[in-house]
Amino acid sequence: MDYDLFVIGGGSAGVRCARIAAGHGARVGIAEARFWGGTCVNIGCVPKKFMVYAAEYGFAAEDSRGFGWNAPKGTHDWTTLLAAKDTEIARLNGIYKRLLEQAGATIYESRATFIDAHTLDVGGQRITAEKIVIATGGHPTRPEIPGAELAIVSDDAFYLPAMPKRIAIIGSGYIGVEFAGIFNGLGAETHLIYRQPLPLRGFDEDLRVGLAEAMTSNGIILHPDIVPKSITETPAGKSLALSDLTVLDVDLVFFATGRVPNITGLGLDAAGIATTNGAITVDANLTTNIPHIFAIGDVTDRLNLTPVATAEGHALADSLFGRKPRTVNLENVPTAVFSIPPIGTVGLTEAQAAARGGARIFLTRFTPMRHAISGRARKTLMKLIVDEATDKIIGAHMLGEDAPEILQGIGVAITAGATKADFDRTIGIHPTAAEEFVTLRTQTRVVGPDIRPE
Ligand SMILES: Cc1cc2nc3c(=O)[nH]c(=O)nc-3n(C[C@H](O)[C@H](O)[C@H](O)COP(=O)(O)OP(=O)(O)OC[C@H]3O[C@@H](n4cnc5c(N)ncnc54)[C@H](O)[C@@H]3O)c2cc1C
């Protein structure tokens, strides 16, 4: 066999797995068809966050006036932002590639497909490996409506030649609400169209209500309970027909309607690899139905986040070559939505906690210090969900500036099994918003399977 391990895909999951396995002394090959670092580095988390920062500066300039700055309403140059983003990403691509080379992995800048369960075609070359890891990630989908090809998806949003003046974003998952914040903050007339009554399906209801209010206050035009019907090209841009029979005239339509695993053309049948609903089926050890073939990250479509993908890559490499067998616990994974303002969340939502048993809810909404003077009508929302039987914190949610930064620490506390009493005896850091998490004393309500929240 040419390699002990061959990894297909050089994204968050694959790079980590290949690098750690090579560090353990395995003979490792890795193939990447497009760009080192994968979705997160090139067309995901990283460039998205640069764009969120760019949008936030527009709000910050306005907010500074309450503090005495005479900041004029400036204009934004899209080309400058994209060039700066591209320079930084080129640097990161180089780092990812170097890390692999320094670890001793052999890199292939081409597509890999299965010929049989131990053999791959890698850019026309036949390569054999004892073990194979599939880490091919996912890609955005488009709804099947007339004119769907006229819309863009998130992959395209990072390379637009110009900023649209009017944009309609379809879908209010985290990618939809994040890009709504970006384009709105950069000055576009922004419409967010979604089929649910509130954005961010699956998140805690109070966060969803708070986010809808904040987005409206920022000037985003929300279209709840609506689905798109068709898109047509017009001399002035695009015409988007909606299920409520209204028509929106915009420059750009953006589908943020979900992602699916990259399995097409991989030759899974040649190796006999099983899938479930279009995702590669794995057990708790990330093993497919073929004992020497594994799958990690978004291609398994469980919890599609970069830190999960890297944790899986690392755990698998340690298990296979480091004599440290371990699995990744997908419970209590903290996560963020980089909307404006952002969300940080970990553990159960109120509805999940209520269905599971009795839970005590502590909720606060307040004007953060910054906006007491900035004059911006923006509230911060913080919420703790406490298990009635054990007093353990089983959910923590925040909408407001710095929420993702704050929730990382709360994630540690919840992972360690902290109780409400532990939070109560923790001294706060003053003056911060974060201190509210340790000074929440008044219970807002109790919920349970038989108790409906008011
Ligand atoms: C717009 C957007 C924003 C996001 N923001 C966040 C965020 O803020 N926080 C967060 O945690 N997560 C975020 N994510 C999710 C995150 O990017 C993914 O969870 C993560 O990249 C998954 O890593 P992966 O290695 O499984 O797949 P990927 O990073 O997608 O890597 C897969 C790689 O495999 C390559 N490949 C595919 N097929 C082949 C083949 N046959 N041969 C060779 N190579 C192949 C692809 O080119 C790709 O580079 C975001 C995603 C998007 C789209």
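> Please provide a residue-by-residue account of unusual backbone geometry, values included.
For the peptide bond that leads from Ile340 to Pro341, omega is -5°, which places it in the cis range. For the peptide bond that leads from His430 to Pro431, omega is -10°, which places it in the cis range. Counting through the fold element by element, Pro431 comes out in the loop between α13 (420–424) and β25 (445–447). Its identity as a non-glycine residue notwithstanding, Leu245 has a phi of 75°, on the positive side. A residue is classified by how much of its surface remains accessible, and Leu245, at 77% relative accessible area, is exposed. Even without glycine at this site, Leu286 takes up a positive phi of about 65°. Looking at Leu286, the relative accessible area reads 6%, which means it is buried.

> Any chance you could break down the sheet that holds strand β8 (residues 152–153) for me, citing the residues and the numbers?
Taken together, five strands build an open sheet; the order of strands is β8-β15-β9-β10-β11 and the sheet is parallel. Two strands lie at the open edges of the sheet, namely β8 and β11 (221–223), each paired on one side alone. As judged from the three bridges shared by strand β10 (residues 189–193) and β11, these two strands associate in the parallel manner. By the bridge assignment, His191 is partnered in β11 with Ile221. Against the sheet, helix α6 (residues 174–185) engages β9 (166–170), β10 and β15 (252–255), with an angle of about 165° to β10.

> Break down helix α9 (residues 306–321) for me, citing the residues and quoting the values.
Compared with an ideal rise of 1.5 Å per residue, which puts 16 residues at 22 Å, α9 spans 22 Å between its outermost C-alpha atoms and is within 8% of the ideal. Those residues of α9 lying buried are Val308, Ala309, Thr310, Glu312, Gly313, Ala315, Leu316, Ala317, Asp318 and Phe321. Where α9 is buried, its residues meet β1 (3–8), α1 (12–23), β6 (125–134) and β19 (293–295). Positive phi appears at Arg323, one or two residues downstream of α9, with a value of about 50°.

> If you had to explain the pattern of salt bridges to someone new, which residues and values would you point to?
Pairs can form between side chains of opposite charge whenever their charged atoms are close. Within this structure, the stated rule accounts for 24 salt bridges. In this structure, Asp63 engages Arg376 in a salt bridge whose closest nitrogen and oxygen atoms are separated by 2.8 Å. Of the two residues, Asp63 is situated in helix α3 (residues 45–64) and Arg376 in the loop between α11 (369–374) and β23 (380–387); the sequence distance between them amounts to 313 residues. Each member of the pair, Asp63 as well as Arg376, is classed as buried. Arg356 is paired through a salt bridge with Asp387; the nearest N and O atoms lie 3.9 Å apart. In this pair, Arg356 is assigned in helix α10 (residues 350–356) and Asp387 in strand β23, connecting sequence segments 31 residues apart. By sharing partners, the salt bridges in this structure join Asp204, Asp206, Glu350, Lys383 and Arg445 into a single network.

> For the packing of aromatic side chains, give the residues involved together with the corresponding values.
Applying the stated criterion to the full structure yields seven aromatic pairs. Taken together, a centroid distance of 6.3 Å and an interplanar angle of 90° make the contact between Tyr3 and Tyr108 edge-to-face. Taken together, the residues Tyr3 in strand β1 and Tyr108 in strand β3 (residues 106–108) connect sequence positions 105 residues apart. The exposure class assigned to Tyr3 is buried, which follows from its relative accessible area of 10%. In this structure, Lys85 is placed above the aromatic ring of Tyr159, and the distance from its NZ or CZ to the ring centre is 4.6 Å. The cationic tip of Arg378 hangs over the ring face of Phe59; the distance from NZ or CZ to the ring centre is 5.4 Å.

> Requested: an account of the nonpolar core, with residues and values cited.
The biggest cluster of nonpolar side chains holds 40 residues, and the ones touching the most others in it are Met51, Trp78, Ile169, Phe179, Phe183, Leu192 and Phe254. Mapped onto this core, the elements with two or more residues apiece are α3, α4 (78–103), β9, α6, α7 (205–218) and β15. Considering every element that reaches this core, the biggest residue donor is α6, with six residues. Contact partners of Phe179, with chain neighbours within four places excluded, come to Met51, Ser154, Ala157, Phe158, Ile169 and Phe254. Residues Tyr3, Ala31, Ala129 and Leu268 belong to the second largest nonpolar core, which totals 25 residues.

Calculation rules
Residues numbered from 1 in each chain as written. Predicted model: local features only at pLDDT ≥ 70, side-chain atom pairs only at ≥ 80, totals over all residues. Heavy atoms only, no water. Helix = DSSP H or I, 4+ residues; strand = E, 2+ residues; numbered from the N terminus. Buried < 20%, exposed > 50% of the residue type's maximum accessible area, 1.4 Å probe, protein only. Pairing = 2+ DSSP bridges. Contact = heavy atoms within 4.5 Å. Axes fitted to C-alpha atoms, helices over the stretch in contact; angles between N-to-C directions. Expected span 1.5 Å × (residues − 1). Salt bridge = Lys/Arg side-chain N within 4 Å of Asp/Glu carboxyl O. Phe/Tyr/Trp six-rings, centres within 6.5 Å; stacked < 30°, edge-to-face > 60°. Lys NZ or Arg CZ within 6 Å of the ring centre and 35° of its normal. Core = buried A, V, L, I, M, F, W, Y, C linked by side-chain atoms within 4.5 Å.

Without other data, these values stay purely geometric and don't point to any function.
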